[in-house]
Amino acid sequence: MSQPSLRSSHHLTMPGYPITTQPKQVTAIPTSFASEPSGHRDTCYDPDLIQQFEEELYALSGRRRRDNRLHCTIVDPKKKRMLKSLLLLVALVSGSRCSPASDNSPKEHRSNWPCPVDVEIRPCVCTTDADFNLYMDCSEVTSADQLATVFSQDFPFPDFQILTIIQLSPFSPLDALPAGVFGIATFQHVVISGTYISTVEEETFSNSHETLLTLDLSNNQLSSFPFESIPLFTHLWKFTLANNYLIDFPNIVSDSIRSLSLAQNTGLSLTETAFNQVRLLEELYLEEMQLGSVPPNMLSHLNHIHTVELSYNGLTGELIENLINPPVRSLRKLHLHNNQIRGIHPLAIVGLDRTATIDFKANEIIKLDKENWRLLLEDIIGENVIDLRDNPLSCGCDVYWLVADRVHMAKIHKDTTCSTGVKLHDLPLSFFQNHCPGGPALW
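Below, the structure is looked at part by part. (Residues numbered from 1 in each chain as written. Predicted model: local features only at pLDDT ≥ 70, side-chain atom pairs only at ≥ 80, totals over all residues. Heavy atoms only, no water.)

### Observations concerning the pairing of strand S13 (residues 331-335)
Alright, step 1. Note: strand S11 (residues 307-309) against S13, 3 bridges, orientation parallel. Within S13, the position partnered with Glu309 by the bridge is His335.
Alright, step 2. When S13 meets strand S15 (residues 352-359), the two strands line up parallel, connected through 4 bridges. The residue bridging Lys333 from the neighbouring strand is Thr357, located in S15. (Pairing = 2+ DSSP bridges. Helix = DSSP H or I, 4+ residues; strand = E, 2+ residues; numbered from the N terminus.)

Laid out in structure tokens, this is it:
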């Protein structure tokens, strides 16, 4: 059995702890590195601190960045303990995004009431903050039976804010989450990562149908998931299944999910209707799935979608008509970098917010002819909003219209270069006037 890998930093998510003077509420949203849905503003985290701790994690774990991907090396036990401490520290950072807040420092955790008795739940550890929110860390469990024994104990209060199981050992033994394993416990946030878990049963989290807000099962060995149970989680807004071995993704139904990640599941293929019934979806992460192609109209029922990630997917040739087409102008970020895209159909990308940014970096785009690119440039405003760096642009008469239109040219990233290394923004208009007959309107 292969060792679980941790290939992508933004999917190894640790929720931030809420910093608030208000009593605990089900609607409090600890976040990961993605933005929280509108309406939830009582959570604090500092992105700069998170990035700082990420760098510390890389240094300690032996991992390194390459094209935004991670390559993981298991470290010695001492460093692993330090790594885990840093992971937990990330979960405690706070910052200026909390409003209002009189104290944005992490709250002291203590192992006493209202937690269960320590010795009865070992190797799990229960902690609580000043507002008596309960946190359970079961990263040291060695089997589903041991986990079930822990949660069969007498819990004074079974409602936990966060359940964490992050196993960094090269021999992580936890390989199943059977129905009933968590007893009567309920959770608002679940992070289970780095295990050999291959399946999750339909009733595994059944007691949390009405409480679960975020579910992160990234970096495991999942080959299947009971997607038919998703509609029962009535408040689930963030669902992460990145870096697993899923082979089937049915048309899921949810009236609450706003952020969904299927990234790095290289055995999955997507259908045109896969997300039609996730109507509130705002963020969709599909990078590094080796898709090869994406069906048209996949976003055509998503009125709220604002971020789509499709990088590192081997997308080839010309992007087809209606590939990216939300029904309203909602899309603000589209990531298509590091594919083998050679061009776009004039109507391949529509439904853009006027301030949208599109990343075409590191593809195989050669020409920027007016016929295919004009509508896209007319659809958005701003400067440096279309990133075409690291493409083999020929910069022939096909860019005459851009050179002659400085408003549109400004929308192209300022460091975009031709295949010869000359910056697109530095091309002299007079040369095109002398060498491209008919003027920019023709080209």
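### Details of the nonpolar core
Alright, step 1. Phe151, Phe275, Ile349 and Phe360 are the most contacted members of the largest nonpolar core, which totals 99 residues.
Alright, step 2. It is helix H6 (residues 400-403) that provides the largest number of residues to this core, a total of 4 residues.
Alright, step 3. Setting aside residues up to four positions removed in sequence, Phe360 forms contacts with Leu319, Leu336, His337, Ile344, Ile349, Ile365, Trp373, Leu376, Ile386, Asp387, Leu388 and Asn391. (Core = buried A, V, L, I, M, F, W, Y, C linked by side-chain atoms within 4.5 Å. Buried < 20%, exposed > 50% of the residue type's maximum accessible area, 1.4 Å probe, protein only. Contact = heavy atoms within 4.5 Å.)

### Regarding a nonpolar patch on the surface
Alright, step 1. Taken together, the side chains of Trp113, Phe132 and Phe157 present a nonpolar region at the surface, about 330 Å² in accessible area.
Alright, step 2. Within the fold, Trp113 resides in the loop between helix H2 (77-90) and helix H3 (118-121). (Patch = residues over 30% accessible without salt bridge, like charges linked within 9 Å, V, L, I, M, F, W, Y side chains within 5 Å. Areas by Shrake-Rupley, 256 points an atom, 1.4 Å probe, with all protein chains shown as cover. Salt bridge = Lys/Arg side-chain N within 4 Å of Asp/Glu carboxyl O.)

### A word on the sheet that holds strand S3 (residues 125-128)
Alright, step 1. One open sheet holds the 12 strands; their spatial order is S3-S4-S5-S6-S7-S8-S9-S10-S11-S13-S15-S16, and the pairing between them is mixed. Whereas interior strands pair on both sides, the edge strands pair on one side only; in this sheet they are S3 and strand S16 (386-387).
Alright, step 2. Bridge count between strand S8 (residues 238-240) and strand S9 (residues 259-261): 3 bridges; the pairing is parallel. Paired with Phe239 across the strands is Leu260, a residue of S9.
Alright, step 3. Sitting on the sheet, helix H5 (residues 370-379) is in contact with S15 and S16, with an inclination near 125° to S15. (Axes fitted to C-alpha atoms, helices over the stretch in contact; angles between N-to-C directions.)

### A word on the state of the cysteines
Alright, step 1. If you walk through the whole model with that rule in mind, you get 4 disulfides.
Alright, step 2. Each sulfur in the disulfide pair Cys397 and Cys436 lies 2.0 Å from the other. Around the S-S axis, the bridge from Cys397 to Cys436 shows a dihedral of about -90° and counts as left-handed. One end of the pair, Cys397, is in the loop between S16 and H6; the other, Cys436, is in the segment after helix H8 (429-435), and 39 residues separate them in sequence.
Alright, step 3. By relative accessible area, which is 3% here, Cys436 ends up buried.
Alright, step 4. Each bonded cysteine of the chain is numbered by sequence order, and under that numbering the disulfide pairs are 1-3, 2-4, 5-7, 6-8. (Disulfide = S-S within 2.5 Å.)

### Comments concerning unusual backbone geometry
Alright, step 1. For the bond running from Arg122 to Pro123, omega is 10°, close enough to zero to count as cis.
Alright, step 2. Within the fold, Pro123 resides in the loop between H3 and S3.
Alright, step 3. Of note in the backbone geometry, Gln290 takes a positive phi value of approximately 55° without being a glycine.
Alright, step 4. Among the secondary structure elements, Gln290 is positioned in the loop between strand S10 (283-285) and S11.

### Looking at a negative patch on the surface
Alright, step 1. Negative charge collects at one region of the surface, where Glu201, Glu202, Glu203 and Glu228 lie side by side.
Alright, step 2. One can find Glu201 in the loop between strand S6 (186-193) and strand S7 (214-216).
Alright, step 3. Here Glu201 falls in the partly exposed class, since its relative accessible area comes to 41%. (Lys, Arg positive; Asp, Glu negative; His and termini not counted. Charge placed at Lys NZ, Arg CZ, Asp CG, Glu CD.)

### Details of the environment of Arg332
Alright, step 1. Looking at the secondary structure, you find Arg332 in strand S13.
Alright, step 2. Take Arg332: its relative accessible area is 40%, and that puts it in the partly exposed class.
Alright, step 3. Remark: the alpha-carbon pair of Arg332 and Asp353, spanning 21 residues in sequence, is separated by 5.5 Å.
Alright, step 4. Not counting residues within four places of it along the chain, the set of residues in contact with Arg332 comprises His306, Asp353, Thr355, Ala356 and Thr357.

### Structural notes on the pairing of S6
Residues in a regular strand point their side chains to alternate faces of the sheet.
Alright, step 1. For S6, the buried fraction is high: 8 of the 8 residues fall into the buried class.
Alright, step 2. Relative to S6, strand S5 (residues 159-166) is paired through 7 bridges, and the arrangement is parallel. Among the inter-strand pairings, Ile166 is bridged to a residue of S6, identified as Ser193.
Alright, step 3. With 3 bridges joining them, S6 and S7 adopt parallel strand pairing. Note that in S7 the partner of Val190 across the bridge is Leu215.

### Some thoughts on the packing of aromatic side chains
Alright, step 1. Using the criterion set out here, one finds 16 aromatic pairs in the structure.
Alright, step 2. Taking the centre distance of 5.3 Å and the plane angle of 70° together, the rings of Phe360 and Trp373 count as edge-to-face. Of this pair, Phe360 sits in the loop between S15 and H5 while Trp373 is found in helix H5, placing the two residues 13 residues apart along the sequence.
Alright, step 3. Three or more aromatic residues joined by ring pairs make a cluster, and in this case those are Phe151, Phe155, Phe160, Phe182, Phe187 and Phe205. (Phe/Tyr/Trp six-rings, centres within 6.5 Å; stacked < 30°, edge-to-face > 60°.)

### Quick look at H5
Alright, step 1. Burial in H5 covers these residues: Asn372, Trp373, Leu376, Leu377 and Asp379. Axial view of H5: buried residues confined to an arc of 160°, hence all on one face. (Arc of directions from axis to C-beta.)

### Observations regarding the pattern of salt bridges
Proximity of charged atoms lets side chains of opposite charge pair with each other.
Alright, step 1. In the structure shown here, the tally under the stated rule is 9 salt bridges.
Alright, step 2. Between Arg329 and Asp379 there is a salt bridge, with its nearest N and O atoms 2.8 Å apart. With Arg329 in the loop between strand S12 (316-319) and S13 and Asp379 in helix H5, this pair connects stretches of sequence that are 50 residues apart.
Alright, step 3. Look at Arg329 and you get partly exposed, because its relative accessible area is 41%.
Alright, step 4. Judged by its relative accessible area of 17%, Asp379 is buried.
Alright, step 5. For Asp415, the salt bridge is made with Lys423, and the minimal N-O distance between the two is 3.1 Å.
Alright, step 6. Overall, Asp415 belongs to the partly exposed group, its relative accessible area being 28%.
Alright, step 7. Three or more residues are tied together by salt bridges with common partners; here these are Asp359, Lys361, Asp387 and Arg389.

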